[in-house]
Amino acid sequence: GRARAAHVTAVARVKGQARRGTPNMAAAGAAAAAAAAAAAARSPGSPATTAARARRLPPLLVLLAAAAAAGPGAGGAARLYRAGEDAVWVLDSGSVRGATANSSAAWLVQFYSSWCGHCIGYAPTWRALAGDVRDWAAAIRVAALDCAEEENHEVCRAYDVHFYPTFRYFKAFTKEFVTGENFKGPDRELQTVRRTMIDFLQNHTDGHRPPACPPLGPVRPSDILSLLDSRDGRYVAILFESNSSYVGREVILDLLPYENIVVKRALDTDKAFLEKLGVSSVPSCYLIYPNGSHGLINIGKPLRSFFSSYLKSLPDVRKKLLSVPERPNKAETPEIVVWREFDRSKLYTADLESGLHYLLRVELAAHKSLAGAELRTLKDFVTVLAKLFPGRAPVRKLLETLQEWLASLPLDRIPYNAVLDLANNKMRISGIFLINHIKWVGCQGSRPEFRGYTCALWKLFHTLTVQAGAHPEALDGTGFEGDPQAVLQSIRRYVRTFFGCKECAEHFEEMAKESMDSVRTADQAILWLWKKHNFVNNRLAGHLSEDPKFPKVPWPSPDLCPACHEEVKGLHSWNEGQVLLFLKQHYGSGNLVDTYAEDQGDASDGGSPPGGGERERGHASPEKPRGDQRAESARPPSVLPPRPRLSEGSHLGLDGRLQSVSWAEGRREAEAVVPFLGMGFSSLDMSLCVVLYVASSLFLMMMYFFFRVRSKRWKVRHHRPSV
């Protein structure tokens, strides 16, 4: 008991030091490990038990120490930006609306996802931008919001964010809710974004411009002459520049938080006026001193940083107290990182199901409605999933139900919420289940932002190509039968349409255009995806998104598949025949294990109480290969899927709100719903039924009156009066 307490205390200490920015993190981790090991040695028990405990502690502590040494983002939440450590304003679902609505400053917000490789690679640029324009905060602020965080899913939907990263401008004094203006720069380099920020500020009307932002337009020569004749006790710096230069406006904003100085800009159009002032080249700075004297100042290099630094160093020029609001910063509590031991040679159900959860409930949620090509892409991809996904029976049944519902829809547009209702089993259909949170196993990273969803998506894609080759009959009747490219093309369209990382999707599309059409057999499809995955790994090797604990190397590695690797004249070569055999075995149904997979409860009594499911643990349960479970499921699903995050005595009602009821009442309610025609109906289904009923009723009434009137006319026409 004391050993466990010391272990948790040591972990919390390391996590706390990581958040405080302790300089020597490796030393902190080593000290924590030593303290925990010492406590374990002091705890009572047999020497064997003590030794076993000591052997179990170091891996987790070493991992935590390494994560702490890696710096920000090593905590339980995957964040690329840290409030209080970066100049970036870190927003979330509780602060973004309050920050941007009716603000006295404009905002530039990056909506990103912490699993997106491009977002990870762009983070240093965004941090550098925020630091570079730190002094502009009274006029415009640089912020970021992580759409991968569960609490931010809804707000990212509300702001209509489809891809990552998405950059939005919010004007000052915007009273009504707006989703912001999209960034329209030619690229995302620091200088380009900084200049578009200036353009955005100048697009404000005079009545809505941030009050702290001075006019950024050029002054006329006549205005400069009046400044030369006036004396108001302040420095007045005039930056002469060309019409295309941004130096003057950048210096104006750099000096925004400083008092006793005013900065203005003028253009070099009047050559005679410039010659009169002695300005021979631009950009140049002409300075009017508080005592009325004036003249051209000599700057080492005509650069923004040189001008700003010189003006800030003038006597009596100092920072003024600005009423900049406090940055949103929610308190963070130390968390214990739970590492799940796993076998790299196995494929884990938990990874595939977590990937499906994120795909259906988060990534698709970026689209409020689905229509046209988007809807067709979703139908095709769900069809491939429903026919080829090798996971547990309840998940397969959910995918099959979703596929059948999409296929039977008479509509060309559907709201995303209808898909979400089915994924969440709001209709309480018996025998379907999908984990409602993320639990990575083989896709774990040394830090939360590494690997995760992208890893699971690659595993899912590989699994689908292998299953298509192993069970070609599964696609019979879908329109995909006999097409070796069917799975690859469905994956391609899904990535192009829905995958959140836009740059990643564009790279995948380039690879597909280049060679996907050359695929002629199912085996070639398996190898095509493997080659492209290795190509991506090679391109991203050394990138900021690469996990140092899981480097991006050619896969499979020699220890996993020795026969896959050969040497030809001293150069490495792949034995593609052996690679194909390895891929079929690795992503086959027989290699899929349920270790760490969420418990689905026991359906023998009609369901399982909420809150059932596996608790987060640091020790692995024994691995048992599950084999192919298409015939039957070892664990029948419950009518009410377990909700591990809900307390006892609570369940999720049909309106999506938590309701406190007893388990027996919840079970009776579920049983009352399920038997109705053998399935449940969503609000969309019921609406369609009502519309069709009303339409048919109106049609029957019209036909009735039509024949009634026609009958009367016939009687009048053929009536013969009697004599």
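The residue numbers shown here count from 1 along each chain, following its written sequence. Local features are withheld for residues below a pLDDT of 70 in this predicted model, meaning they are given only at 70 or higher, and side-chain atom pairs are given and counted only at 80 or more; totals for whole chains, interfaces and linings count all residues. As a rule here, side-chain values come from all non-hydrogen atoms in the structure, and water together with hydrogens is ignored.

**Q** Kindly report on the pairing of strand S3 (residues 140–146), identifying the contributing residues and their values.
**A** For S3, the buried fraction is high: 7 of the 7 residues fall into the buried class. Alternating positions in S3 separate into two faces, Ile140, Val142, Ala144 and Asp146 on one and Arg141, Ala143 and Leu145 on the other, with burial throughout. Two strands qualify as a pair provided DSSP detects at least 2 bridges between them. Secondary structure elements follow DSSP: runs of H or I of four or more residues count as helices, runs of E of two or more count as strands, with numbering from the N terminus. Sheet topology note: the strand S1 (residues 89–91)/S3 ladder contains 3 bridges and is parallel. Directly across from Leu91, in S3, lies its bridge partner Leu145. Pairing analysis gives 7 bridges linking strand S2 (residues 106–112) to S3, with the strands arranged parallel. The residue bridging Ala106 from the neighbouring strand is Ile140, located in S3. Considered for its hand, the β-α-β crossover made up of S2, helix H5 (residues 117–132) and S3 is right-handed. For the exposure calls, accessible area comes from a 1.4 Å probe over protein chains only, and a residue counts as buried if that area is under 20% of its type's maximum, exposed if over 50%, partly exposed in between. When the strands point away from the viewer and the connection leading from the first strand across the helix to the second strand turns clockwise, the crossover is called right-handed.

**Q** Requested: an account of the sheet that holds strand S6 (residues 235–241), with residues and values cited.
**A** The strand order across the open sheet formed by 4 strands is S8-S6-S9-S10, and the pairing between neighbours is mixed. Each edge of the sheet is formed by a strand with only one pairing partner; in this case those strands are strand S8 (261–267) and strand S10 (294–296). Across the sheet, the axes of successive neighbouring strands diverge by a mean angle of 20°, strand direction being ignored. By the bridge criterion, 5 bridges tie S6 to strand S9 (residues 284–288) in an arrangement that is antiparallel. Paired with Val236 across the two strands is Ile288, which belongs to S9. Contacts between residues were defined by any pair of non-hydrogen atoms, one from each residue, lying within 4.5 Å. Here an angle of 0 to 180 degrees is reported between the N-to-C directions of two axes, which are lines fitted to C-alpha atoms, with helices fitted over the stretch in contact. Docked against the sheet, helix H8 (residues 221–229) engages S6, S8, S9 and S10, running at close to 155° with respect to S6.

**Q** Outline the UniProt feature "transmembrane region" (unreviewed entry) in the protein chain, listing residues and values.
**A** UniProt positions are given in the numbering used here, feature names are shortened, and annotations may be inferred rather than shown by experiment. If you check UniProt for "transmembrane region" (unreviewed entry), the listed places come out as residues 690–707 in our numbering. Along residues 690–707 one finds 100% helix and 0% strand; the C-alpha atoms at either end are 26 Å apart.

**Q** Could you give an account of the packing of helix H13 (residues 372–388) against helix H14 (residues 393–408), with specific residues and numbers?
**A** Between H13 and H14, the least distance of the axes is 9 Å, while the angle of their chain directions is 145°. For the element pair H13 and H14, the recorded crossing hand is left-handed. Mapping the contact onto sequence places Leu375, Leu378, Lys379, Val382, Thr383, Leu385, Ala386 and Lys387 in H13 and Leu399, Glu400, Leu402, Gln403 and Leu406 in H14. We call a crossing left-handed when the near helix sits turned anticlockwise from the far one by less than a right angle, and right-handed when that turn is clockwise.

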